[in-house]
Structures are given as structure tokens and as C-alpha cells.
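The primary structure of each chain is shown beneath.
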Amino acid sequence: MDNKWLELHISVPAAAVDLVCAGLATLGSTGVRVFERQLDTFVAPDPDADAPESYPLRAYFPAEQDGDALLKCINEALGPLRAMFAHGWSEARLEAVSGDDWSESWKQHFPVFRVGKLVVRPSWEEVTAAPDEALLTLDPGMAFGTGTHATTRLCLEALVATLDTLDRAPRVLDVGTGSGILAIAAAMLGAGEVVACDLDAEACRVAQDNAAANGMAAAVEITSRPLEELGAGFDIVLANILAEENVRLAGELVARLAPGATLILSGILREKESLARRGFAPFGLEGPRLSERDEWICLTYRRAD
Ligand SMILES: C[S@@+](CC[C@H](N)C(=O)[O-])C[C@H]1O[C@@H](n2cnc3c(N)ncnc32)[C@H](O)[C@@H]1O
């Protein structure tokens, strides 16, 4: 697509972001991107960390206008805000950009994807699922787990493959549920009972919202209780937490497996494979089967019948 835009580059004080966005919209901006903290990382943002003083913005204007005149208008419009908020501004500059539709390109980071009969879509994508497919809708950026991260995808693939081998509705435990994506997927794909835990209360809240939005609130129990307080006898246990955390919790994870159950461990960097294998070696599990994507691996173990 050969769209052309004038792209505004500016950093603005954190407290002025909304006002600046509103001002730019009245000047004809067709969209603004605010570069906030990255949420889809393995390390949860520290809520106590100081919020940044300013945020970089990119705003987009149709290219068929005089850039110098537009920049003058922008500076005039921002004048009163600059007077109100003294610190955190950079000079505004405009760049001509082309060859890409900015309004769509950022969404490419959250494409619709399918794993077996599961279809995961961001809320803005209209998707028609086949009658035998389960459609899971997620808003990205609220808690870890849009499905776009390699570790989540590996878990979903292992989960779907495991469910395909079962002829009964399994009990599933999702440790470190984040957005709830794995737990909701399990419920949609026919799990009989799903328990999802996360030590982050905000993640639990997001997971609850996502479960409700997908009509799965009653099917998924979401809790912030620690693993050792949860029951046992699960047919599938998922843990997309870092290798070190998987190893630290190894005994508790294994203790929750029913005979014949599957344990899916993700969040393991390739260079941590031997650490993870060593951590689970004492428990006499079958496997592991290894799957990999980017710099991550997933280990799937089975407890003997
Ligand atoms: C990488 S995210 C995984 C989210 C989601 N399950 C997925 O696969 O996309 C890891 C989550 O595990 C949680 N977590 C880390 N250690 C945990 C523990 N010991 N018990 C429960 N939750 C934990 C974090 O708060 C975070 O939400």
C-alpha cells in the first residue's frame, strides 16, 4: 500500500499526553501513537517504579498539506500546554513517511492466528470462525499473554496437541495465567474444569475480564492464591513462567499432576534447557518432548499412569 503521511515526532510531559492527543486530533491528525511502557515482557512492570516524565508521540497527518504551515499550527496549538506544563517537551518535527499504512502496521504485531481448532483474535479484527472452531478474543497490552509471544504460542500448541489425545474433559491448571489466554483456551476447547492462578492481582483482574468477555467466566476459576494452596489431580498443568521459577516450583507442579497427566513448561530460554531438565529429573516423569520457537523452548512431560 503506498500511503503517504506527515509523521509528527514529539515528546510531551506525561500529564499532558491526553490534552496533546486531543489537540492534534482537532488539527486533523488521523491517529496518534504513544510509546508507553512495554507490557508484553516477561518481567512485570514495577508498579512502584517512577513513571516517566515524558512520553514520545507519533501523530499522523495526511500528506497533502504544507508541512511548514502544519508545524507552525502545531506549535501554536501546543503553546498554552507548554506554558501549563513546564518540563518534558521536545521540539516538534515532521517527517514525510510512505510505503506503509501506519494505522494498520502496528496491528500486524497482533495478527489473528490459529492453533488447531482455536482461533485467537485481537478485538478489532472481524473473523469468521468455522462452526467447529473456538474463537478467543483478547485485547492486547493489559497483561502478558496476547498469544503473540513465542512462549504463549508454544504453550497453546502443546495444550491443543495434548487435548487432542484425550477422550475425556480434563481438569486443567494454568500457573501464571497473565491475560488468562491459556486457561480460557483450555475451557473453550472442552476442559472440564480450569483453575488459573497468578500472583499478580492485576493479572487476575485482567484474566477475569477476558474470561467474562469470552463467555468463560463460569468455566475458569481465577485465583491469586499460591500454587501450594491449590488442589491436586489435574490432567494438564501449564506453567509459562521463567525456567528458574519452573524449577523452583518443580515439586509443587509435579504434585498437582494426576496419574497420566501432562505437564507443559514454557518460558524457558534455550540456554536454560539443561537447568530446566535437571530441575525436573528427580521426579521420574516421562519425556520431555521439546518444542521451540525463536529463542524459547517448551518442555512437555507426562506422569506415568
Ligand atoms: C509470561 S506470563 C504468562 C502469561 C500467560 N500464561 C501466557 O502464556 O501468555 C507469566 C505470568 O506468571 C505470573 N507468575 C510468575 N511466577 C508465578 C508464580 N510463582 N505463581 C503464580 N504466577 C506467577 C506472572 O505474574 C505473569 O503474569
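Residues numbered from 1 in each chain as written. Predicted model: local features only at pLDDT ≥ 70, side-chain atom pairs only at ≥ 80, totals over all residues. Heavy atoms only, no water.

Quick note on the threshold: UniProt positions are given in the numbering used here, feature names are shortened, and annotations may be inferred rather than shown by experiment.
Going by an unreviewed UniProt entry, the protein chain carries the name Ribosomal protein L11 methyltransferase and comes from Geoalkalibacter halelectricus. UniProt, in its Catalytic activity (unreviewed entry) section for the protein chain, records the words "L-lysyl-[protein] + 3 S-adenosyl-L-methionine = N(6),N(6),N(6)-trimethyl-L-lysyl-[protein] + 3 S-adenosyl-L-homocysteine + 3 H(+)". Per its UniProt entry, the protein chain bears the Sequence similarities (unreviewed entry) comment "Belongs to the methyltransferase superfamily. PrmA family."

Some details on the sheet that holds strand E6 (residues 118-122)
Stated formally: A pair of strands counts as paired when DSSP detects no fewer than two bridges linking them. Strands are runs of DSSP state E lasting at least two residues, helices are runs of H or I lasting at least four, and both sets are numbered from the N terminus onward. Axis definition: a line fitted to C-alpha atoms, limited for helices to the stretch in contact. Angles are taken between N-to-C directions and run from 0 to 180 degrees.
Sheet architecture is open: 3 strands sit in the order E5-E6-E7, paired in mixed fashion. Edge positions in the open sheet fall to strand E5 (113-115) and strand E7 (134-138), since each of these has one partner strand only. On average, each strand axis in the sheet is inclined to that of its neighbour by 25°, with strand direction left out of account. Judged from the 3 bridges that link them, E5 and E6 form a sheet pairing that is antiparallel. Counted as the bridge partner of Phe113 is Val120 from E6.

Let's talk about the pattern of salt bridges
Heads up, the condition is: Salt bridge, as applied in this entry: a Lys or Arg side-chain nitrogen positioned within 4 Å of an Asp or Glu carboxyl oxygen.
As enumerated under the stated definition, the model contains 17 salt bridges in all. For the salt bridge of Glu193 with Arg171, the shortest nitrogen-to-oxygen distance reads 2.8 Å. Of this pair, Glu193 sits in strand E9 (residues 193-197) while Arg171 sits in strand E8 (residues 171-175), placing them 22 residues apart in sequence. Two residues, Arg277 and Glu273, come together in a salt bridge whose shortest N-O distance is 2.8 Å.

Here's the deal with the state of the cysteines
Note the following rule: Any pair of cysteine sulfurs within 2.5 Å is marked as a disulfide.
Under the criterion given, the structure shown has 0 disulfides. Cys197 takes part in no disulfide bond, and the closest cysteine sulfur to it belongs to Cys204, at a distance of 7.7 Å. Free cysteine: Cys298, not disulfide-bonded; nearest cysteine sulfur from Cys155 at 5.1 Å.

Examining the site of the ligand
How we decide: By convention in this text, a residue qualifies as near a molecule or strand provided that one of its non-hydrogen atoms is within 4 Å of it. We call two N or O atoms a polar contact when they sit within 3.5 Å, provided that within protein one can donate a hydrogen and the other can accept it, with sequence-adjacent residues counted only if both atoms are side-chain atoms. Note on residue classes: Ala, Val, Leu, Ile, Met, Phe, Trp, Tyr, Cys and Pro are nonpolar, Asp, Glu, Lys and Arg are charged, and everything else, Gly too, is polar.
With respect to spatial proximity, 17 residues lie near the ligand, and among them Thr152, Gly176, Asp198, Asn240 and Glu245 are the closest. Between an oxygen atom of the ligand and a side-chain N or O atom of Asp198, the distance comes to 2.6 Å. Residue Leu199 places a main-chain N or O atom 3.3 Å away from a nitrogen atom belonging to the ligand. Elements with a contribution of two residues or more to the shell around the ligand: helix H5 (181-188) and helix H7 (243-248). Split into classes, the residues belonging to the shell around the ligand amount to 7 nonpolar, 6 polar and 4 charged.

Some remarks on the nonpolar core
Put simply, the test is: Here, nonpolar core means buried Ala, Val, Leu, Ile, Met, Phe, Trp, Tyr and Cys residues that are tied together by side-chain atoms lying within 4.5 Å of each other. Relative accessibility under 20% of the residue-type maximum defines a buried residue, over 50% an exposed one, and the middle range a partly exposed one, all with a 1.4 Å probe and only protein chains included. Throughout, a contact is declared for two residues whenever any of their heavy atoms are within 4.5 Å.
Grouped together as the largest cluster of nonpolar side chains are 38 residues, with contacts concentrated most on Leu136, Leu156, Val194 and Val220. Leaving out residues up to four positions away in the same chain, Val194 has contacts with Val172, Ala183, Ala186, Ala187, Ala219, Val220 and Glu221. Ranked by size, the runner-up nonpolar core spans 27 residues in total, among them Leu253, Leu285, Ile297 and Tyr301.

Points about the environment of Asp18
Along the chain, the position of Asp18 falls in helix H1 (residues 17-26). For Asp18, a relative accessible area of 65% puts it in the exposed group. As for Asp18 and Val34, which are separated by 16 residues in sequence, their C-alpha atoms are 9.9 Å apart.

Focus: unusual backbone geometry
Negative phi is the rule for most residues except glycine; trans is the rule for most peptide bonds. Pro288 follows Gly287 through a cis peptide bond whose omega is 10°. Within the secondary structure, Pro288 is located in strand E13 (residues 286-293). Despite not being glycine, Asp294 shows a phi value in the positive range, around 50°. The topology assignment puts Asp294 in the loop between E13 and strand E14 (296-302).

Observations regarding the pairing of strand E12 (residues 257-269)
With 11 of its 13 residues buried, E12 lies for the most part within the structure. Bridge count between strand E11 (residues 234-240) and E12: 6 bridges; the pairing is parallel. Along E12, the bridge assignment pairs Asn240 with Ser266. Pairing of E12 with E14 involves 6 bridges; the strand directions are antiparallel.

Observations concerning H1
Stated precisely, the cut-off is as follows: It is the directions from the helix axis to the C-beta atoms that the arc portrays.
Three or more residues of H1 are buried, namely Val17, Val20, Cys21 and Leu24. Projection of H1 onto a plane perpendicular to its axis shows the buried side chains occupying an angular sector of 100°, all on one side. Along H1, the residues that are exposed and aim more than 90 degrees away from the buried face are Asp18 and Thr26. Following H1 by one or two positions, Gly28 adopts a phi angle in the positive range, close to 105°.

With respect to the pairing of E14
Extensive coverage of E14 is indicated by the burial of 6 of its 7 residues. Judged from the 6 bridges that link them, E13 and E14 form a sheet pairing that is antiparallel. What sits directly across from Ser291, in E14, is Cys298. Between E13 and E14, which follow one another and run antiparallel, lie 2 residues, and Asp294 among them has a positive phi close to 50°.

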